[in-house]
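Commentary on secondary and tertiary structure
For reference, the chains in residue letters:
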Amino acid sequence: MKKRRAIIATLLTASMLLAACGSADQKKNSVQSTKNADGKYEPTLTITIAKQLDENAGKYAEGDDINKNPMVELTEEKLGIKLETTLLGGDAGNYDTKLRLALTGSEELPDVFPVYGTQMIADMIESGRVKAIDEDIEKYMPERLKEIYDKYPETFYPVMKDGKTYGIACAPTLTEGQVMIIRQDWLDNLGLKAPTNLEEFEAVIKAFTEDDPDGNGKKDTYGFTYSGSGVYNTGWVSDPVALFSANSGKHIPGSWQEDENGNLVYGSIDEGNRKTLELLAKWHANGWTFQEAAATGAWDAMGQFTEGKAGIFIGRPWAVGSVRDVTSVDPNAVIACYPNIKQDNGECTYQSAQTTDGWLMFNKDFDNMEAFFTYYDWLYDVAFGTGDFQYGFMEDYDYDIVNGEVVFDTSKFDPAVTDPFLPGKSTVLKNTPMIDRMQEYADAKAGKTETGAQIRAAADFESAPDMAEGYVIANDNREELIPNLYNAEPTPTMKKCWEQLQTMEAQVYTNIIYGKEPIESFDKFVEDWKAQGGEQITQEVNEWYKTMK
Amino acid sequence: MMKGEKDKEKYLQPKRSWKQEIQRNWALYVLIMPAFVLAIIFCYVPMGGLIMAFQNYKPWLGITGSEFIGMENFKQIFVFQESYQAIINTLIIAVSKIVLGLIVPIVIALLLNEVSNVGLKKGIQTLVYLPHFLSWVTVAGMMRDVLGLDGIVNSAIQRLGMEPIFFLGEAGMYRQIIVLSDLWKGFGFGMIVYLAAISNIDQSLYEAAQMDGANRFQQTLHITLPGIAPMIIVMATLSLGNVLNAGFDQIYNTYSPLTYSTGDIIDTYVYRQSLINGQYSFGTAVGLFKSGISFMLTVIAYKLAYKFAGYRIF
């Protein structure tokens, strides 16, 4: 008897658990909410989203949190759409784990969620839990957004499978290119000009090392700092990639680009890069470059410039702000941005373009894409300077109007605030959408200050003219930015071999530069690379590429 | 426990059936129950997940639905030259760490035991124990600074009129640096364990030895060392379980393409390998492979310790 009662109790508990699981699925079928005359949804429509928490998301006011804050409230007030974050990840790894758990069913998959890796995108599509949105894009995506997406067709590659589209890039825009950042005072002391090709570059770094550019009588400076701790294409700061491009054109290390027949080839095995390696080895042996580059990451390698040791590095224009402390070592230090060197035939050198930070994907059961695009377009008002968001999202938070002038520097707000809540970090996106990240500096320089972006750029010209000039230079040299043409999930052979190939590449490149291996190792590397899976991968990559064209 | 004692124990405790045993000691069994249940739930049930090592695991299909691919994941560990190199590096680094990590603390503990000034002794004890609490990220940063081209070691070398050396970029020196820095960080901890064991030795043994005319060295050799032998065996046996753990934190924070050839270990290799694709199955296979080897070595060490030293840990 006792035993039977125990069994019944167990069964009851189990059935209750099952019931609890079941109810989560039923929640979806609420009253269909529709747009009223003002373009507002009634009754309020809830869209659940996922978020990878950003480290600098600003501060919530007392009692506010991720689901209750001014931006969420404004969205609800204006559009009748309530955004609810149901899946929250701390860092990238944590967020990915939670998304994968959502695939196992132990977490709920939100209606709309950003995804930050091609493997994850492929997993999502394969699991059948996400929606193909071709028709929705056609029907609901506003024209001005379509124009933006048309500019970046390659951002659709990772989310396309069997002719269907399973997501869109998160506010795609061309990230500002890298420029050459030089110690202008050193150039002036030695009566030199900024280099425009490899030959001049060599002369300048030699002079920076041997001719005492800071005039202190000590041999404590050298020419060029870069990072060589991985593939020789960092993409943001301390990047040596322009030097390689000077000899290899578009076939820069770590990037897949078309050859003359329109087939994709991997840049690192291009013959041109051999020449640059030979040069770098010579420069390294002469002490003209950063001697610990192989064991130093991109950010730390830039520190050599800040410490007043190195005279040149290549990085995004904002890096000027990061190395400004060099004046505490040498009060006479002057930082200036220059265009990257050119190839010997006069064409520009290339670097990797970045056009998106993640993709938005949609739950298969999410049935109100119109509402999503209404919301998404509303967010874009801030980029176009239209509608509700002429200068920014919310006055007193990301901008303020003081005495009739728009200010973005929070210390000049009325009243001044430190670390305010950032509405731009409280949307389905990680960052505020932008149409361009360089053009506004050129506009501001030409005296155009109408949109929020241009006003911001003009403010930068006041506070950091050297950096703002860098953005103008980056804008003038947009053609240098080329996206990696292979950006889908790793191919089957890649999954098996890619890491070995990358390890081999880093080892051979670095060992050649450090003189541990002769330049001939490059030829063996190219052979080995092809033999140990590279050939197969190139084939697979091209099969994929044909389906995209 | 000596063999004789074991026989005695058999003699004293008549064999009972398990029913009698439970009736007699039920309270003890109730007390141990929660720990037992927790161990089952959190240590043994999850082991079911090891099946993943033999599958092509997909999160949305789950363990029951994913495709079985047999030993494929294990084969992948051994496909590439790099992985052999990683296994060899792991063994060399780990074994050096185990051997030095065993000998050095004993020697230092014996030496320190002979220091008669209590203040000095305690001072040294605390100082060498401190690095144990630093994280490898911190120590790696210190190593970069100290061993860098502008670091303190190289400025000394340059004073002596020699060319500076890029220590962390020299494949030939990397393993030595890793082992020595690990020793520096860890030996204080082992030393404290041995000092504690030494302080447990019966003082009358030393008095008796002195009466017999033994000098300090003979006392150390014939009383102190045998006295701490059981502790040495415990530490040795436990450390053998780490023979495939060469120290991910330490190496990940200090290695570079220049030192892959001598410094890349299984853990760092797998870490890079799984970065590009969330490969649960491969990761599980490597974990299982490592656990299998460690388990075997621990069992062997345990048997050997019993056979040669008559000592049992469990």
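Quick caveat, the model's predicted, so the values are computed rather than measured. (Residues numbered from 1 in each chain as written. Chains lettered and ligands numbered in written order. Predicted model: local features only at pLDDT ≥ 70, side-chain atom pairs only at ≥ 80, totals over all residues.)

1. Thoughts on the environment of Glu 479 of chain A
Residues and elements named next belong to chain A. Put simply, the test is: Helix numbers and strand numbers start at the N terminus; a helix is a DSSP run of H or I with at least 4 residues, a strand a run of E with at least 2. For the exposure call, what matters is how many other C-beta atoms sit within 10 Å of a residue's own: 20 or more marks it buried, 12 or fewer exposed, and in between partly exposed, using C-beta atoms placed from the backbone.
Summarising the element assignment, Glu 479 is placed in the loop between α17 (465-476) and β19 (481-482). Overall, Glu 479 belongs to the exposed group, with 10 C-beta atoms counted inside 10 Å. As for Glu 479 and Ile 182, which are separated by 297 residues in sequence, their C-alpha atoms are 22 Å apart.

2. Digging into the domain arrangement of chain B
Residue and element names in this part refer to chain B. The condition that has to hold: An automatic or database domain assignment supplies the start and end points of every domain. Under the scheme applied here, ten amino acids are nonpolar (Ala, Val, Leu, Ile, Met, Phe, Trp, Tyr, Cys and Pro), four are charged (Asp, Glu, Lys and Arg), and all others, including Gly, are polar.
The domains assigned to chain B are domain 1 (18-70) and domain 2 (73-309). Of note, the centres of domain 1 and domain 2, computed from C-alpha atoms alone, are 33 Å apart. Tallied by class, residues from the side of domain 1 that touches domain 2 come to 4 nonpolar, 2 polar and no charged.

3. Quick word on the UniProt feature "transmembrane region" (unreviewed entry) in chain B
Residue and element names in this part refer to chain B. What counts is decided by this rule: UniProt positions are given in the numbering used here, feature names are shortened, and annotations may be inferred rather than shown by experiment.
Mapped onto the present numbering, the UniProt feature "transmembrane region" (unreviewed entry) falls on residues 26-54, 86-112, 183-201, 221-240 and 280-302. Structurally, residues 221-240 comprises 100% helix and 0% strand, and the distance from its first C-alpha atom to its last is 25 Å. Along residues 280-302, the helical share is 100% and the strand share 0%, with 32 Å between the first and last C-alpha atoms.

4. Section: the nonpolar core
Residue and element names in this part refer to chain A. For clarity, the threshold we go by: In these notes, a nonpolar core means any group of buried Ala, Val, Leu, Ile, Met, Phe, Trp, Tyr and Cys residues linked to one another through C-beta atoms within 7 Å. A pair of residues counts as a contact when their C-beta atoms, built from backbone coordinates, are separated by no more than 7 Å.
Core analysis: the biggest nonpolar cluster contains 88 residues, and Ile 181, Ile 205, Phe 224, Met 302 and Phe 313 have the highest contact counts within it. Counting residues per element, this core draws most heavily on helix α18 (residues 492-513), at 10 residues. Not counting residues up to four positions away in its chain, the partners in contact with Ile 181 are Phe 313, Ile 314, Gly 315, Ala 319, Val 320, Ile 335 and Cys 337. The next biggest cluster of nonpolar side chains, apart from the first, holds 53 residues, and it includes Ala 50, Ile 125, Ile 133 and Trp 359.

5. So, helix α14 (residues 369-384) of chain A
Basically, it comes down to this: Multiplying 1.5 Å by the helix residue count minus one yields the expected span of that helix.
With 16 residues, α14 of chain A ought to run about 22 Å at 1.5 Å a step, and its terminal C-alpha atoms sit 22 Å apart, in line with that. Looking one or two residues beyond α14 of chain A, the residue adopting positive phi is Gly 385 of chain A, at roughly 70°.

6. What about the packing of helix α6 (residues 118-129) of chain B against helix α9 (residues 171-199) of chain B?
All names here are of chain B. Formally: Geometry is summarised by axes, namely lines fitted to C-alpha atoms with helices restricted to the contacting stretch, and by angles between N-to-C directions that run from 0 to 180 degrees. In this scheme, roughly parallel covers angles under 35 degrees and roughly antiparallel covers those over 145, while 65 to 115 is roughly perpendicular and the rest are oblique.
Packing of α6 against α9 brings their axes to within 7 Å, and their N-to-C directions diverge by 135°. Taken together, the axis directions place α6 and α9 in an arrangement best described as oblique. Contact residues: α6 offers Gln 125, Val 128 and Tyr 129, while α9 offers Phe 187, Gly 188, Phe 189, Met 191 and Ile 192. Along the lines of polarity and charge, the residues of the contact of α6 with α9 split into 6 nonpolar, 2 polar and no charged.

7. Concerning the environment of Met 361 of chain A
Residues and elements named next belong to chain A. Mapped onto the elements of the fold, Met 361 is located in strand β16 (residues 359-362). In sequence terms Met 361 and Ile 125 are 236 residues apart; their C-alpha atoms lie 9.5 Å from each other. In contact with Met 361, other than residues within four places in its own chain, are Phe 113, Val 115, Met 124, Val 130, Tyr 166 and Gly 167.

8. What to know about the domain arrangement of chain A
All names here are of chain A. Each assigned domain of chain A is listed with its residue range as follows: domain 1 (27-173 + 359-435) and domain 2 (179-352 + 483-548). Distance from the C-alpha centre of domain 1 to the C-alpha centre of domain 2: 36 Å. Between domain 1 and domain 2, the contact holds 7 residues from the first and 7 residues from the second.

9. Observations regarding the sheet that holds strand β9 (residues 179-183) of chain A
Residue and element names in this part refer to chain A. Condition: Whether two strands pair comes down to DSSP finding at least two bridges between them.
Taken in spatial order, the 4 strands make up an open sheet running β10-β13-β9-β14, and their pairing is mixed. Of all the strands in the sheet, just β10 (222-224) and β14 (335-338) have a single pairing partner and so form its edges. The mean inter-strand angle of the sheet, taken between neighbouring strand axes irrespective of direction, is 20°. Here β10 runs beside strand β13 (residues 310-315); their pairing, made up of 2 bridges, is parallel. Along β13, the bridge assignment pairs Phe 224 with Ile 312.

10. Points about the confidence of the model for chain A
Note the following rule: Confidence scores labelled pLDDT are given residue by residue by the predictor and lie between 0 and 100.
The predicted model of chain A averages 90 in pLDDT, with 94% of residues at 70 or higher. Residue range residues 9-30 of chain A is modelled with pLDDT below 50. Its contacts to residues more than four positions away, or to other chains, number 2 contacts.

11. Describing the interface of chain A and chain B
Listed per partner, the contact involves 24 residues of chain A and 20 residues of chain B. Among the elements that make up the side of chain A that touches chain B, the one with the highest residue count is α18 of chain A (10 residues). Looking at the side of chain A that touches chain B, its residues break down into 7 nonpolar, 10 polar and 7 charged.

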